[in-house]
Amino acid sequence: MEFEPLDQFLQRRKKLSEIESLGHSPYPHRFDYTHTPRQITEQFASRTAEELTAERATVRTAGRIVALRPHGKAAFAHLAGDGGRLQIYIRLDVVGEQAFKLFQLLDLGDIIGVSGELFRTKTAELTVRVEKIGLLTKALLPLPEKWHGLADVEMRYRRRYLDLIVNERAREIFLRRAQIVRELRRFFDERGYAEVETPMMHPILGGATARPFVTHHNTFDMDLYLRIAPELYLKRLVVGGLDRVYEINRNFRNEGIDAIHQPEFTMLEFYQAYSNSLDLMDLTEELFRGLAEKVCGGTKIKYGENELDFGRFERLSMRDAICKFWPAAAGAAPNAAEMAQSGGPRGVAERYNAYAHSSSAEPIAAVEKRTDGELTGELFEVIAEGHLTQPTFIYDFPTGISPLSKQKPDDPSLTERFELFIAGMEIANGFSELNDPVDQERRFRAQVEKGGQDMPKEVDIDYIRALSHGLPPTAGEGIGIDRLVMLLTDSHAIREVILFPLLRGADAPDAAPPDAAEGPK
RNA sequence: GGGCCGGUAGCUCAAUGGUAGAGCAGCUGACUCUUAAUCAGCGGGUUGUAGGUUCGAGUCCUACCCGGCUCACCA
């Protein structure tokens, strides 16, 4: 296989065979090093030129050549490794003719190992005076352009390896993502949770409302859904006596793609027996505050134009949020009592639509067909959601849009459910789990009857059976990890925090998918 | 899926409807403290694809492909 840019690819292959004919392997098997390039720049950062000369510190290190400045019988280069950049200086009279010949056959992108003493150049840059040099891996393709780097966003996602080599920020985002996931595990492990893995292929859809991906198992000749949520399996485990469980894994939803949606995304779900939704709000605050401190060094974090304060979470009922953010141009704001009345949300929605029609705002569709609960949820989304920049729990979700949540003892129209919003994004969703099997079956059947693309087609009878064995009072929550990583890395597109986000087409932009991939219409 | 914007050398970008260009990267040569190294020279293009208008299209029109933003669905 040959790749573009072909002239450079062929040129490098020619150099590779010259290197081989000099007796060097272009792909040796291992290399012992004393430091990574980053360790050297960090460890010797404060040494003066005189100290280095006196110390005669010898290092052995390896990295990718990311800059090359030859000067005839000498040369400077920079090696990148472990997130650091280290200058090396190579001279013909130090390394000898053989080694210098090898060096002259090296290109940007090659991975080499060097050893030598550290010194400072006359511009005071810490530098290895190379005594020995060896090729560790020949690169047949060049690095991205050095001034602009890899700017093409599509290329950055499709060839993430290049993005990671060239863009420091990409590297930082994904290392921080790893750190966040590590901290999440530590947090739950410390509190007695067991990490579990439940099926990603589900015979019955459940645990959320979303359009699924469908796949097929050949031996069983069985259609399966890629899971849209692990929820129903995790609660089965709580029935089974695993009182505290969590899972960090992918969910798949066959829906739109935009700055905060990808078809496969990572979700943390956790369940805690003998607790309710209020306990989880407290736990969530503790989790987020600790994460911000650990990962960002403080509870106040920069997110675009905003400073988000993870030290203080607001709490607002959904009805109050609608009243609070009611647009001034839409006339008198509703009050909580009006929102609570039967038919109240409908009246409010009609008022909102009257305003929406006279402005550029999007009206709420099909008001007459929706229930009060659905309209409350709609009103919240169009009126309040965008205003929730600082961390805010919205609680008291209508029962009609919360099929898995337990109702409030004093108001069955509402459930003990909350969602956490930060920077206008929904980050978490938690509730006291409905554990009455009769009520749960009734709500499932109502969903199936309602129909629609993103509604379950059948009731998960085994889940009802599990509840019939007794689910202790339990609270559960899901946290969108990708969006959490966005917040903690000041990233504004979910694709920036997913290593290989889904893009249209099979391979590179220059390799258009064949027509056969279209399939029958 | 709708709307808007974009696609020119490997990369970043130029080019009134009239001979497709620059910088970087690459190649050749010079150069033993450079760091966007420098200096001299050389090669590199089906202007996203397919049609159309025109004496003439990178430029205008149509369709399609790919991307970005945005709206809708959703977390």
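The structure under discussion appears in the preceding block.
Bear in mind the structure is a predicted one, so any value in this text is a computation, not a measurement.

Draft legend 1. Broad picture of helix α7 (residues 168-190). In a regular helix each residue adds 1.5 Å, so 23 residues correspond to 33 Å; α7 covers 33 Å between its end C-alpha atoms and thus fits that length. Every buried residue of α7 is listed here: Ala170, Ile173, Phe174, Arg177, Ile180, Val181, Glu183, Leu184, Phe187 and Phe188. On the buried face of α7, the contacting elements are α6 (160-166), β10 (244-252), β11 (264-273), α9 (277-296) and α16 (481-488). Immediately downstream of α7, the backbone of Gly192 shows phi near 85 degrees, a positive value.

Draft legend 2. Structural context of the side chain of Asn435. Topologically, Asn435 is positioned in the loop between β18 (425-432) and α14 (437-450). Side-chain polar atoms of Asn435 contact the backbone oxygen of Leu471, separated by 2.8 Å. Residues in contact with Asn435, not counting those within four places in the same chain, are Lys406, Leu467, Leu471, Pro472 and Pro473.

Draft legend 3. A look at the nonpolar core. Residues Leu184, Phe188, Leu268, Phe270, Phe288, Phe310 and Ile479 are the most contacted members of the largest nonpolar core, which totals 43 residues. At eight residues, α9 tops the list of elements feeding residues into this core. Core analysis: the second largest hydrophobic core is formed by 28 residues, Ile65, Ala75, Ala77 and Phe100 among them.

Draft legend 4. The arrangement of the side chain of Arg319 in detail. Among the secondary structure elements, Arg319 is positioned in helix α10 (residues 318-324). Judged by relative accessible area, which is 14%, Arg319 ranks as buried. Ignoring anything within four residues of it in the chain, the contact list for Arg319 reads Ala336, Met339, Ala340, Thr376, Asp411, Ser413 and Leu414.

Draft legend 5. Broad picture of a nonpolar patch on the surface. A surface patch of nonpolar side chains, about 350 Å² in accessible area, is lined by Met1, Phe3 and Leu141. As for its position among the elements, Phe3 is in the segment before α1 (6-21). Phe3 gets classed as partly exposed once you look at its relative accessible area, which sits at 41%.

Rules and cut-offs
- Residues numbered from 1 in each chain as written.
- Chains lettered and ligands numbered in written order.
- Predicted model: local features only at pLDDT ≥ 70, side-chain atom pairs only at ≥ 80, totals over all residues.
- Heavy atoms only, no water.
- Helix = DSSP H or I, 4+ residues; strand = E, 2+ residues; numbered from the N terminus.
- Expected span 1.5 Å × (residues − 1).
- Buried < 20%, exposed > 50% of the residue type's maximum accessible area, 1.4 Å probe, protein only.
- Contact = heavy atoms within 4.5 Å.
- Polar contact = N/O pair within 3.5 Å; in protein donor to acceptor, adjacent residues only side chain to side chain.
- Core = buried A, V, L, I, M, F, W, Y, C linked by side-chain atoms within 4.5 Å.
- Patch = residues over 30% accessible without salt bridge, like charges linked within 9 Å, V, L, I, M, F, W, Y side chains within 5 Å.
- Areas by Shrake-Rupley, 256 points an atom, 1.4 Å probe, with all protein chains shown as cover.
- Salt bridge = Lys/Arg side-chain N within 4 Å of Asp/Glu carboxyl O.

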